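A structural walkthrough
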Amino acid sequence: MKTKKAVVVGGGIIGLCSAYFLNKKGFEVTVIDKGDFRQGCSHGNAGMIVPSHFIPLAAPGAIKLGLKWMFNPESPFHLPLRLDKDLITWVWKFYRAANKRHVTRSAPLLSWLNLASKQLYEEIGEEALPAFGFQKKGLLMVCKTFKVLDEEASLVTMAQKLGIKAMVLSSDEVRQLDPGLRLAIAGAVYFPGDAFLTPQLFMSGLYHRLCTLGVSFLPFSEVISFSKKAGVITAAHTKNKSFVADEYIIAGGAWSGRLCRNLSVNLPLIAGKGYSVLLPQPKARPKICAILTEARVAVTPMQNGLRFAGTMELGNAHEKVNKKRLNGIFKSIPRYFPDFKAVDFQNLDVWTGLRPCSPDGLPYLGRPKHFKNLILATGHAMMGLSLGPVTGHLVSQIACNEKMERDISLLNPSRYD
Ligand SMILES: Cc1cc2nc3c(=O)[nH]c(=O)nc-3n(C[C@H](O)[C@H](O)[C@H](O)COP(=O)(O)OP(=O)(O)OC[C@H]3O[C@@H](n4cnc5c(N)ncnc54)[C@H](O)[C@@H]3O)c2cc1C
């Protein structure tokens, strides 16, 4: 019999994975979402599981590159110039974090989290989930120019020191890896330990599995406030209902900051908007997922077609599509894969997702100061799909006050207090 109750706010990848591991630990779990569990950032993303991504978003060179891109309407990055206190504070904190020391401190933890998560994907997959296109074929960082290939190659030694397999490949070697694919590139860095999957299949498979395990789901129910007493949350409230539990987990993605404000918890977080499109019958079908490095476009073979994803429009918390930036994605693809033309991508449905971005590029995971029964699990930015299972696992360990395999204090949600 389940003795303790947990309420999870947000049914994206982080919320569902938290529900999964909390259920395993014996909690009676209710997941509440303002949507229908098919919206949010976790469905139309590029589906990459990325031990290769051990450098946080806030890293040396990020500011310079951002400034270079900012005034090009077709570039993969945008930061609006507006007098918004939250945005300005976020940018200042990002600037403070974008240094070598931060990268050196964060890389071992990020690589460990991603590797552990990949392992957990395999374990969850073995548990009666329908196939979700999980492929352990690695990831290619394909480079159009030798200059950028050299820059990418400089990360190979660091990756190897962290226990991540990585190698530089010439364009011919990439062709041997994926024969039949026409390429116009200088070469690539190959990370054979990365993987990819079809996110909607994983999300719907896990949702249905959780239903059979007895997890309750409440769609179209926005949590608008909490009741609290002496450092303990006593209820979460939607417009029509209140939910009482022993543990409350905020996994509200890009909206988590808003929820935290209601609790007077300071959580610097902004949305980083991105787009994706799916070609159901692509002219060419790469076997391995790839990032077009200069263009920052992700290309992933999925169960139902070939997905292209990209752009990072910081601070835009609405889902409106910026056509120029979308065209920037479409124009970049034929430069690497000559089988495609920009027109191939016109008239496709465009998916928009809001990444939850912290200023230092690290997730927020743990109990915030002053609350004994609240866990924050958000801020995964470009790595939320990859880090979903390990985040869920750690959430369940925090809820049970278990000792963790690794020190995760860098992810402390109160680190900006
Ligand atoms: C173009 C693009 C490509 C990407 N590619 C990758 C990739 O290849 N690999 C990778 O690892 N990551 C990728 N990401 C990032 C990844 O998609 C996100 O990090 C991840 O989906 C975040 O998950 P989440 O559960 O935190 O948020 P979400 O999926 O957004 O879920 C949050 C949920 O909370 C709900 N919610 C919010 N507030 C409330 C409230 N008050 N009450 C009730 N419900 C609430 C929302 O409705 C939503 O369903 C990509 C993102 C984009 C945009």
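Everything quoted here is computed from the prediction, not taken from an experiment.

A closer look at the nonpolar core
Ranked by size, the top nonpolar core spans 69 residues in total, and within it Leu-22 and Phe-202 carry the most contacts. The leading source of residues in this core is helix 1 (residues 13-24), at eight residues. Not counting residues up to four positions away in its chain, the partners in contact with Leu-22 are Ala-6, Val-8, Phe-27, Val-29, Ile-249, Val-395, Ser-396 and Ala-399. Of all hydrophobic cores here, the second largest spans 29 residues; its members include Val-174, Ala-290, Ile-333 and Phe-340.

Here we look at the layout of surface pockets
A volume near 550 Å³ is recorded for the second largest pocket. Those elements that provide at least two residues to the lining of the second largest pocket are helix 3 (85-97), helix 9 (256-262) and strand 14 (270-279). Looking at which element gives the most residues to the lining of the second largest pocket, the answer is helix 3, with six residues. The residue makeup of the lining of the second largest pocket, split by class, is twelve nonpolar, four polar and seven charged.

Description of the packing of aromatic side chains
Within a pair of aromatic rings, the relevant descriptors are the distance that separates the centres and the angle that separates the planes. For the structure on display, the rule yields 17 aromatic pairs. Seen from their ring centres, Phe-337 and Phe-340 are 6.4 Å apart, and the 75° between their planes marks the pair as edge-to-face. The burial state of Phe-337 is the same as that of Phe-340; both residues are buried. On the basis of an interplanar angle of 40° and a centroid distance of 6.0 Å, the ring pair of Phe-340 and Phe-345 is categorised as tilted. For the pair Phe-340 and Phe-345, a shared accessibility class is recorded, and that class is buried. Taken together, the ring pairs connect Phe-308, Phe-330, Phe-337, Phe-340 and Phe-345 into an aromatic cluster. Positioned above the aromatic ring of Trp-255, the side-chain terminus of Lys-34 is 3.8 Å from the ring centre.

Some points on the site of the ligand
Neighbouring residues of the ligand: 37 residues in total, closest Asp-33, Ser-42, Met-48, Ala-381 and Ser-386. Residue Val-223 places a main-chain N or O atom 2.9 Å away from a nitrogen atom belonging to the ligand. Across the complex, the protein chains shield 97% of the 1000 Å² of accessible surface that the ligand would expose by itself. Here the shell around the ligand takes four residues from strand 18 (residues 351-357), the largest share from any one element. Residue classes in the shell around the ligand are distributed as 19 nonpolar, 14 polar and four charged.

Brief notes about the packing of helix 4 (residues 100-125) against helix 11 (residues 384-399)
Running from amino to carboxyl end, helix 4 crosses helix 11 at an angle of 85°, the nearest separation of the two axes being 7 Å. For the element pair helix 4 / helix 11, the angle class is roughly perpendicular. Listed contacts from helix 11 to Leu-113, Asn-114, Ala-116, Ser-117, Leu-120, Tyr-121 and Ile-124 of helix 4 are Leu-385, Ser-386, Leu-387, Gly-388, Pro-389, Val-390, His-393 and Leu-394. Classifying every residue of the contact of helix 4 with helix 11 gives ten nonpolar, five polar and no charged.

Here is what the cut-offs are and how they apply
Residues numbered from 1 in each chain as written. Predicted model: local features only at pLDDT ≥ 70, side-chain atom pairs only at ≥ 80, totals over all residues. Heavy atoms only, no water. Core = buried A, V, L, I, M, F, W, Y, C linked by side-chain atoms within 4.5 Å. Buried < 20%, exposed > 50% of the residue type's maximum accessible area, 1.4 Å probe, protein only. Helix = DSSP H or I, 4+ residues; strand = E, 2+ residues; numbered from the N terminus. Contact = heavy atoms within 4.5 Å. 1 Å grid on protein atoms, 1.4 Å probe; cavity = no way out; pocket = protein on both sides within 12 Å on 5 of 7 lines; lining within 4 Å. Points joined across faces, edges and corners; volume = space filled by probe spheres on them. Nonpolar A, V, L, I, M, F, W, Y, C, P; charged D, E, K, R; others polar. Phe/Tyr/Trp six-rings, centres within 6.5 Å; stacked < 30°, edge-to-face > 60°. Lys NZ or Arg CZ within 6 Å of the ring centre and 35° of its normal. Near = heavy atom within 4 Å. Polar contact = N/O pair within 3.5 Å; in protein donor to acceptor, adjacent residues only side chain to side chain. Areas by Shrake-Rupley, 256 points an atom, 1.4 Å probe, with all protein chains shown as cover. Axes fitted to C-alpha atoms, helices over the stretch in contact; angles between N-to-C directions. Parallel < 35°, antiparallel > 145°, perpendicular 65-115°, else oblique.

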